[in-house]
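For reference, the chains in residue letters:
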Amino acid sequence: MKTNVILLLLAVSMIVLPLVFFSNKEFSGADGKAMDTIEDINPFYEPWFTNLWEPNSGEVESFLFALQAAGGAAFIGYAFGFAKARFKYKEKGQLVEHDDDY
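Procedures and definitions
Residues numbered from 1 in each chain as written. Predicted model: local features only at pLDDT ≥ 70, side-chain atom pairs only at ≥ 80, totals over all residues. Heavy atoms only, no water. Helix = DSSP H or I, 4+ residues; strand = E, 2+ residues; numbered from the N terminus. Rg over C-alpha atoms; globule rule 2.2 N^0.38 Å. Buried < 20%, exposed > 50% of the residue type's maximum accessible area, 1.4 Å probe, protein only. pLDDT = per-residue confidence, 0-100. Patch = residues over 30% accessible without salt bridge, like charges linked within 9 Å, V, L, I, M, F, W, Y side chains within 5 Å. Areas by Shrake-Rupley, 256 points an atom, 1.4 Å probe, with all protein chains shown as cover. Salt bridge = Lys/Arg side-chain N within 4 Å of Asp/Glu carboxyl O.

This next bit is on the overall build of the chain. Looking only at helices and strands, the chain features three helices and zero strands. Going residue by residue from the N terminus, the α and β elements of the chain occur as α-α-α. The C-alpha atoms of the chain give a radius of gyration of 23 Å, which is well past the 13 Å a tight globule of 102 residues would have. The C-alpha extent of the chain, read off along each of the three principal axes, is 65 × 45 × 30 Å. A total of 102 residues make up the chain; the buried ones form 1% of that total.

Structure below.
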């Protein structure tokens, strides 16, 4: 319980502290910085292609990014949990291996 509280406080501080200390800074993404750098190097650069679909607002784009991150985290969490359970039951001798050749 004590460890969970410490981890929760650490996670909250990792979110809040940058917002407090860097509140006057603009948080821009890597794509925007890359475009600025490319334009500095070659002002006549033309992109090779354009997006097939662009979200209506930044909020929708952020939501889709968060949804993608949550899906990836869920997949990785499931894989780790599955591997841990498999190891645990194999260690106890409770894992039954099945042959899929019927």
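On average, residues of the chain carry a pLDDT of 86, and 91% of them reach 70 or more. Ranking the elements of the chain by mean pLDDT puts helix α2 (residues 30-41) last, at 87, and helix α3 (residues 58-92) first, at 91.

Another point: a nonpolar patch on the surface. Side chains of L8, V12, I15, V16, L17, L19, V20, F21 and F22 sit close together on the surface and give an oily, nonpolar patch of about 890 Å² of accessible area. L8 gets classed as exposed once you look at its relative accessible area, which sits at 56%.

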